[in-house]
Each structure stands twice: as C-alpha cells, then as structure tokens.
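Examination of the molecular architecture
So the chains spell out like this:
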Amino acid sequence: PVDRETIHFLKRAAAAKVPLIGVCTGSFILAEAGLMRYHQTCVSWLHIKEFRERFPDNPVRADCIFNLDRRRGSCVGGTSAADMAATLVRRHISGRAERNALEVLQIDQARPAVHIQPRRPLFKDFSNIHVKVALMTMEQNLDGMTIEDLAARIGVSRRQLERVFIETTGLSPARAFKQIRMDYAKRMISKTRASNIEVALEVGLKNASHFTRSFKRVHGQTPSQVRGS
DNA sequence: CGGGAAAGACTATCCGGGCC
DNA sequence: GGCCCGGATAGTCTTTCCCG
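Residues numbered from 1 in each chain as written. Chains lettered and ligands numbered in written order. Predicted model: local features only at pLDDT ≥ 70, side-chain atom pairs only at ≥ 80, totals over all residues. Heavy atoms only, no water.

**Remarks on the packing of aromatic side chains**
By convention here, two paired aromatic rings are described through the distance between centres and the angle between planes. Just so we agree on the cut-off: Note on aromatic pairs: the rings of Phe, Tyr and Trp (six-membered ring only in Trp) are paired at centre separations within 6.5 Å, and the planes decide the class, stacked below 30 degrees, edge-to-face beyond 60, tilted for the rest. Should the NZ of a Lys or the CZ of an Arg lie within 6 Å of a ring centre and within 35 degrees of the ring normal, that charge is described as sitting over the ring.
Counted according to the given criterion, the structure contains four aromatic pairs. Among the aromatic residues, those joined into a ring-pair cluster are Phe-28, Phe-51 and Phe-55. A cation sits over an aromatic face here: Arg-181 above Phe-177, 4.7 Å from the ring centre.

**Looking at the sheet that holds strand S4 (residues 66-69)**
Applicable threshold: Whether two strands pair comes down to DSSP finding at least two bridges between them. A run of H or I in DSSP counts as a helix once it spans at least four residues, and a run of E counts as a strand once it spans at least two, with each numbered from the N terminus. Axis definition: a line fitted to C-alpha atoms, over the contacting stretch in the case of helices. Angles run 0 to 180 degrees between N-to-C directions. By definition, residues are in contact when any of their heavy atoms lie within 4.5 Å.
With mixed pairing, the three strands of this open sheet are ordered in space as S1-S5-S4. The sheet is open, and its two borders are formed by strand S1 (20-23) and S4, each paired with just one other strand. Between one strand axis and the next, the sheet turns through 10° on average, direction left out of account. With four bridges joining them, S1 and strand S5 (residues 72-75) adopt parallel strand pairing. Note on S5: the bridge partner recorded for Leu-20 is Arg-72. Contacts between helix H2 (residues 25-32) and the sheet are confined to S1 and S5, with S1 contributing the most and set at about 130° to the helix. Set on the sheet, helix H4 (residues 80-92) makes contact with S1, S4 and S5; between it and S4 the angle comes to about 35°.

**What about the protein's contact with DNA strand B?**
Filter applied, for reference: The near set for a molecule or strand comprises every residue that places at least one heavy atom within 4 Å of it. Contacts described as polar in this section are N or O atom pairs within 3.5 Å, which, within protein, must combine one atom able to donate a hydrogen with one able to accept it, while residues neighboring in sequence count only if both atoms come from side chains. Here the nonpolar group is Ala, Val, Leu, Ile, Met, Phe, Trp, Tyr, Cys and Pro; Asp, Glu, Lys and Arg are the charged ones; every other residue, Gly included, is treated as polar.
The immediate surroundings of DNA strand B are formed by 19 residues, with Arg-158, Arg-159, Ser-172, Asn-196 and Ser-224 found nearest. Among the atoms of DNA strand B lying within 4 Å of the protein, the sugar-phosphate backbone contributes 59%. One of the side-chain N or O atoms of Thr-212 is found 3.4 Å from a phosphate oxygen in DNA strand B. Arg-213 has a polar side-chain atom sitting 3.4 Å from a base nitrogen of DNA strand B. Sorting the residues of the surface near DNA strand B by element identifies helix H8 (158-169), helix H9 (173-191), helix H11 (208-219) and helix H12 (223-228) as the ones contributing at least two each. Among the elements that line the surface near DNA strand B, the one with the most residues is H8, at five residues. In terms of residue class, the surface near DNA strand B is made up of five nonpolar, eight polar and six charged.

Scope: geometric values only; no functional claims are made or implied.
Listed below in structure tokens is the structure:
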C-alpha cells in the first residue's frame, strides 16, 4: 500500500510535467497513483501477473529490460536501472557523459531497452519452495552453473534437489535448466541478429557447434531454420 | 576465398538411478 | 541424505557446406 502523501506528491509532479521513473516496485507505485494508465510499464516477468491483476487497464510488458514512454520510464530493477539511466544520460546530456557514468559504475556497455529480459517463466508456479528458488536461480544464471552449485545455494544436497525437482516438475534440474537456456536462446535467435556463437555464450555454451546441436535437440530445428521461419 | 553454420568423432565431466 | 557407477551431455577438433 502506498500512502496518500506519496500519491499526492506524484500526481502533482505529473501535473507539472515532471518526468517520472519507476524502478521495479517504483513502477507499481506510479501505477497505484494512476500515472501509468496511458503509458506502457515495463516490469519483471516475476511481477507481470500481479501487475495485470492489480492494474488490468494498464498496458504492461515484460519482454524488455526497461521502457521509456514519453514522460514515464520504468525498468525491471537490478542492473536494468543503470541501463535505463545510461540511455537517459545519453539522450539528454551526451554520449561522453554516458561513457563517464558507465566507467564510474564499472560497466563496459549499457544494454539497450530492447535487450531481452531473461526472466520469462518457463514453468507454472510450483508450490515447492526449493523448486521455485531453483528455477529463479537458473533463470538468473543462464550463462551457466552446475546443479551442485545450485543445490548448495539453496541449501540442500544435489541429490535431494534432483528428487524434489523430478517429483514436482517431472523434469530433472539439468533438463529444466537446459530447457530454460534453449528457450532463451530461441527468443534471442528470433528477436535479434546475434550470431550463433554470441547466443551460445549468452546461454553458457562455449562453442557454436555444441550450441547448434543442443538447440536442435530441444526445438527440433537449427537456429538458422528458426530465424528463417 | 573467408566466415559462419552444421555435423561427426572422440574425450572429459556431470547427472541421475539404484542402493544403503 | 549420501555414495557409487553407468549413461548422458558438454567441450574440442575437424570437416563439409553454403553464401557473399
């Protein structure tokens, strides 16, 4: 719940044509204030269901990392805030100012708004907390991690994680992880001009050859066939 | 001719089933 | 919940094909 004072403040700022930016939860607050009804909001796929339930009339997307719509901006949180900020600095100050800011933040290159949000849930919402956390961790580590590491992060043994995973999802953790990575790869292939090796590295595979094989095994088509369709 | 994509062969490593 | 072993998968290297 957002207090009245905040809502009032935001409405006055909007009336005065002040640009308003929401980072993650901040986007919900802007929507709560009724300021995103005619502006597209970008939220994390983790929250898009909740956003739609709370604000059914508001246009919302979860396929990018941030969105700038006239005087309203929104991003999915985390490092996407820096990407959005970089775009704003470049747009309103200069490319040089953007580079300086990124250097201070130790960021090599800001991602564009259209960068695919690596967070679309592949599976339904499972009740088991270990499975939930495992799936989220997988999607946040697309560039690779072992099931051993994953289990350690969650605080269970590798074997125990595998058991509960198969029981809940019908898939082993490794298979689910592979599916998530190849699903992301497919979206990258169809939405960007990235080469196979670039996509392979993005999903934690070290060479294009192996990537092509894995991709075809999962999707039944090679990356170039998907791109051409 | 060069670069990228796809596939084959082989080896190393990891995962998953069985068992306790 | 942990250990062990066999099978599956990832990685490397190489070849072939296609396209500009």
